[in-house]
Amino acid sequence: MSRDIMNFIDGTYVRNASGRTFPKRTPIDNALIGTVFEAGKPEVDAAVGAAKAALKGPWGKLSVVERVKLLDEVAVEINRRFDDFLQAEIADTGKPSHLASHVDIPRGAANFQIFADTIKNMSTEAFEMRTPDGKTALSYGVRVPRGVIAVVCPWNLPLLLMTWKVGPALACGNTVVVKPSEETPSTATLLGEVMNKVGVPAGVYNVVHGFGPDSAGAFLTAHPDVDGITFTGETRTGTAIMQAAAVGIRPVSLELGGKNAAVVFADCDFQVAVDTVTRSCFENAGQVCLGTERVYVQRPIFEAFVAALKQKAEAMKPGRPFDPDTRIGPLISKEHQDKVLSYYRKAREEGATVVTGGGVPTMPDDLKDGCWVQPTIWTGLPETAAVVTEEVFGPCCHISPFDSEDEVLEKVNRNRYGLATSIYTQDISRANRLARQIEVGLCWINSWFLRDLRTPFGGSKQSGIGREGGVHSFEFYTELRNVMLKY
Ligand code: NAD
């Protein structure tokens, strides 16, 4: 069933002045599920205007305790409408329901709760000093909201990644204009109903739909009344966002692409390493920014590891999201399927040994039009090959053998990205030594995607700028003002 997906501006669902729409199709079978009303300049202006006005309205006058109470209610309401969010997220992405119901939707709610809790206990610094005339000067910090925050989001974990920004932005007293990905407009839209239900004032949370260049994304990030831009997406888009932010010297927080490595030493717990690397390569059909696409395995266990991962990959049954046997969903779109398949071809052209996969799985007739690709493993490529250096963002990995710690360290760091790594070993000294030297923002030891939301999250090198999570989010979402009192 297809429905209208509208912009949410100043507490109201609105279409647009231009009449421009675009179709939202589900990647499961390419069926039309929604008509999205694209925001033009007038709608983006209205959303930013509403967000700016709301800073001066009742929202701006709330105490922290009152704000925290509202955010807690947002989390409760998301959980109360869990099934609505689940259905919307699954329709947009096609991901298996066990994944969306364990990761996407609960984290969507938790992102409001955790930042509500964190802001309650947030302190600032104070210093006292003597002045030359024998008096005292007391300096103290005050955190004030930055203002209107533009939140530009990707499609891979739509509700989770959007609320990861909206939660702390609102906790700090800002207002937001969200531009969800054109591929996943539904849960951001639904969140508007939650905001209205719990009494978040109109204009605090706004959603504009559309694309990037010459569309809502570019109009929003170029808007002079936007005071900060938080962006998650591709590194190339991050460059465009930084250029837009340079006008008016607006701060950015960027969570960008990755080409993450897993390093598996011969002394690892073999089963833990195989199970965890299976998840890090293939979960969400490989469409996780933290996912692994380069696996380095120490030579004594190389053959055994490749064989075990192959078996796991081949057991990942593609299918409908609510089928309990489904282990892997489709890619997000035909366009992305074409991109991933072009890398599958390139790997073969560059001489890869295709251990498993490499194409499109055979699907039943009713799913044939979906955006399916096979989980794929390659070996035998040099470190310079395209699928070893570039982000594919699909269910695939290249596995290479290594001998020494120094050799693997050099290979892992030889990449322009620096988002995440996982290391598998029983030698904790070695793991800690490597964790300090690998050039990434996030390093897991004997695990992956294990998150404590109080900890800093973000990338090094071309994987991003800034850290969000816990108190670190407040560096971006507030201005720290110093007040000095002489007495
Ligand atoms: P994308 O960069 O194509 O799009 C992200 C968003 O930016 C979309 O809403 C899009 O419409 C918008 N956009 C595109 N061009 C724009 C422009 N010129 N101005 C303003 N907005 C613009 O990314 P995607 O394909 O949606 O997501 C996949 C990418 O996101 C991958 O590279 C992945 O690694 C990355 N990602 C990173 C993290 C992280 O935390 N580091 C998390 C998730 C995804």
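Structure report, in brief. (Residues numbered from 1 in each chain as written. Predicted model: local features only at pLDDT ≥ 70, side-chain atom pairs only at ≥ 80, totals over all residues. Heavy atoms only, no water.)

**Examining the site of the ligand**
Item 1. Within the structure, the ligand sits among 31 residues, and Cys153, Glu182, Thr237, Leu256 and Glu391 are positioned closest to it.
Item 2. Within the contact set of the ligand, an oxygen atom lies 2.7 Å away from a side-chain nitrogen or oxygen of lysine 179.
Item 3. Here a nitrogen atom of the ligand sits 2.7 Å away from a polar atom, N or O, in the main chain of leucine 256.
Item 4. A total of 850 Å² of accessible area belongs to the ligand in isolation, and the protein chains cover 91% of it.
Item 5. If you list the elements that add at least two residues to the shell around the ligand, you get helix 8 (216-222), strand 11 (228-232) and helix 9 (235-246).
Item 6. Classifying every residue of the shell around the ligand by side-chain character gives 17 nonpolar, nine polar and five charged. (Near = heavy atom within 4 Å. Polar contact = N/O pair within 3.5 Å; in protein donor to acceptor, adjacent residues only side chain to side chain. Areas by Shrake-Rupley, 256 points an atom, 1.4 Å probe, with all protein chains shown as cover. Helix = DSSP H or I, 4+ residues; strand = E, 2+ residues; numbered from the N terminus. Nonpolar A, V, L, I, M, F, W, Y, C, P; charged D, E, K, R; others polar.)

**Brief notes about the packing of aromatic side chains**
Item 1. On inspection of all chains with the given rule, the structure shows 12 aromatic pairs.
Item 2. With 5.9 Å between their ring centres and 80° between their planes, tryptophan 164 and phenylalanine 457 make a pair best called edge-to-face. Here tryptophan 164 is found in helix 6 (residues 158-171), whereas its partner phenylalanine 457 is found in the loop between strand 20 (442-445) and strand 21 (460-461), with 293 residues between them in sequence.
Item 3. Take tryptophan 164: its relative accessible area is 2%, and that puts it in the buried class.
Item 4. By way of ring pairs, the aromatic residues Phe115, Trp164, Phe457 and Phe474 are connected into one cluster.
Item 5. A cation over a ring is seen here: arginine 15 above phenylalanine 37, with NZ or CZ 5.3 Å from the ring centre. (Phe/Tyr/Trp six-rings, centres within 6.5 Å; stacked < 30°, edge-to-face > 60°. Buried < 20%, exposed > 50% of the residue type's maximum accessible area, 1.4 Å probe, protein only. Lys NZ or Arg CZ within 6 Å of the ring centre and 35° of its normal.)

**Regarding the sheet that holds strand 16 (residues 376-379)**
Item 1. Read across the open sheet, the seven strands follow the order 15-16-17-14-13-19-20; overall the sheet is mixed. Strand pairing shows two members of the sheet lacking a second neighbour, strand 15 (353-356) and strand 20, which therefore form its edges. Within the sheet, the average angular offset between the axes of one strand and its neighbour, ignoring direction, is 25°.
Item 2. Where strand 13 (residues 260-264) meets strand 14 (residues 292-298), five bridges bridge the pair, whose relative direction is parallel. Looking at the pairing, valine 263 lines up with tyrosine 296 of strand 14.
Item 3. Along the sheet face, helix 12 (residues 334-349) touches strand 15, strand 16 and strand 17 (396-402) and points at about 25° away from the line of strand 16. (Pairing = 2+ DSSP bridges. Axes fitted to C-alpha atoms, helices over the stretch in contact; angles between N-to-C directions. Contact = heavy atoms within 4.5 Å.)

**Re the side chain of lysine 411**
Item 1. Tracing the sequence through the fold places lysine 411 in helix 14 (residues 405-413).
Item 2. Those residues within four positions of lysine 411 in sequence are excluded, and the remaining contacts are Arg294, Tyr296, Glu383 and Pro401.

**A look at the sheet that holds strand 6 (residues 126-130)**
Item 1. One open sheet accounts for three strands, arranged 6-7-23; its pairing is antiparallel. Of all strands in the sheet, those with a lone pairing partner are strand 6 and strand 23 (478-486), marking the two edges. When strand polarity is set aside, the average angle formed by the axes of neighbouring strands in this sheet is 25°.
Item 2. As paired elements, strand 7 (residues 136-145) and strand 23 share nine bridges and run antiparallel to each other. Residue pairing for strand 23: alanine 137 is matched across the bridge by lysine 486.

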